[in-house]
Amino acid sequence: MKTITAYRCKACGNVMYPYHFRCLNCGERDFEPIEPQGKARLLTYTILNELPWGIDERGRVLGIVEFENHVKALGLIESEQPKIGMKLEVGWRTVRVIGGEKMYGLSFKPIR
Ligand SMILES: [Zn+2]
């Protein structure tokens, strides 16, 4: 499965995703790439009801999650009753279709 790459600052250990030119914590520029590991935990979310063209759904939950190795990422939350702190497993799916072209993104499903 395709996944994301995050970056850990070699100076202070701060983990960033997506990539930034300088560390948001200490300003250094030396990073090592890391992949998200383990389960994700929901940190915060919002429910979107006004969706742009190309999304064939009535409402969407968008959330920020944190993996066990502290990588944080934004993605779709595939739950109608999201709860802060809920455990999620990561997936990769079509999130939008524009002019027949599929765009992919992260999605997270509750672990039952
Ligand atoms: Zn740093």
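Scroll up for the structure.
One structure accompanies this document, and this report is about it. (Residues numbered from 1 in each chain as written. Predicted model: local features only at pLDDT ≥ 70, side-chain atom pairs only at ≥ 80, totals over all residues. Heavy atoms only, no water.)

The residue after Y17, namely P18, is reached through a cis peptide bond having omega 0°. Here P18 is to be found in the loop between β2 (15-16) and β3 (31-34). Not every positive phi belongs to a glycine, and H70 is a case in point at roughly 75°. Along the chain, the position of H70 falls in the loop between β5 (60-67) and β6 (72-77). (Helix = DSSP H or I, 4+ residues; strand = E, 2+ residues; numbered from the N terminus.)

Taken in spatial order, the five strands line up as β4-β5-β6-β8-β7 and close into a barrel, and their pairing is mixed. Neighbour-to-neighbour, the strand axes of this sheet turn through a mean angle of 40°, independent of strand direction. As judged from the five bridges shared by β5 and β6, these two strands associate in the antiparallel manner. In the strand pairing of β6, E66 is matched with K72. (Pairing = 2+ DSSP bridges. Axes fitted to C-alpha atoms, helices over the stretch in contact; angles between N-to-C directions.)

For the rest of this paragraph, the subject is the coordination of the zinc ion. Taken together, the protein donors to the zinc ion comprise C9 (SG), C12 (SG), C23 (SG) and C26 (SG), at separations of 2.3 to 2.4 Å. Around the zinc ion, the four donor atoms sit at angles spanning 106 to 115°, and that spread fits a shape best called tetrahedral. Here the donor residues for the zinc ion map to a single chain with the spacing C-x2-C-x10-C-x2-C. With C9 in strand β1 (residues 6-9) and C23 in the loop between β2 and β3, the pair connects residues that are 14 residues apart, well separated along the chain. A single burial state applies to C9 and to C23, both of which are buried. (Donors = N, O, S within 2.8 Å, 3.2 Å for Na, K, Ca; no water. Tetrahedral: all angles 85-135°; square planar, octahedral: opposite > 155°, others 65-115°. Buried < 20%, exposed > 50% of the residue type's maximum accessible area, 1.4 Å probe, protein only.)

In terms of nonpolar packing, the biggest core is built from 16 residues, with V65, F67, V71, I77, L88 and F108 touching the most fellow members. Within the residue set of this core, elements represented by two or more residues are β4 (40-48), β5, β6 and β8 (101-110). Residues within four places of V65 in sequence aside, it is in contact with A40, R41, L42, L43, V71, K72, A73, I77, L88 and F108. (Core = buried A, V, L, I, M, F, W, Y, C linked by side-chain atoms within 4.5 Å. Contact = heavy atoms within 4.5 Å.)

Turning our eyes to something else, we now look at the layout of surface pockets. Here the largest pocket is characterised by a volume of approximately 310 Å³. What lines the largest pocket is a set of 15 residues, and nearest its centre among them are L62, L74, G75, G105 and L106. Mapped by element, the contributors of at least two residues to the lining of the largest pocket are β5, β6, β7 (87-98) and β8. When the residues that make up the lining of the largest pocket are grouped by side-chain class, the tally is 12 nonpolar, two polar and one charged. (1 Å grid on protein atoms, 1.4 Å probe; cavity = no way out; pocket = protein on both sides within 12 Å on 5 of 7 lines; lining within 4 Å. Points joined across faces, edges and corners; volume = space filled by probe spheres on them. Nonpolar A, V, L, I, M, F, W, Y, C, P; charged D, E, K, R; others polar.)

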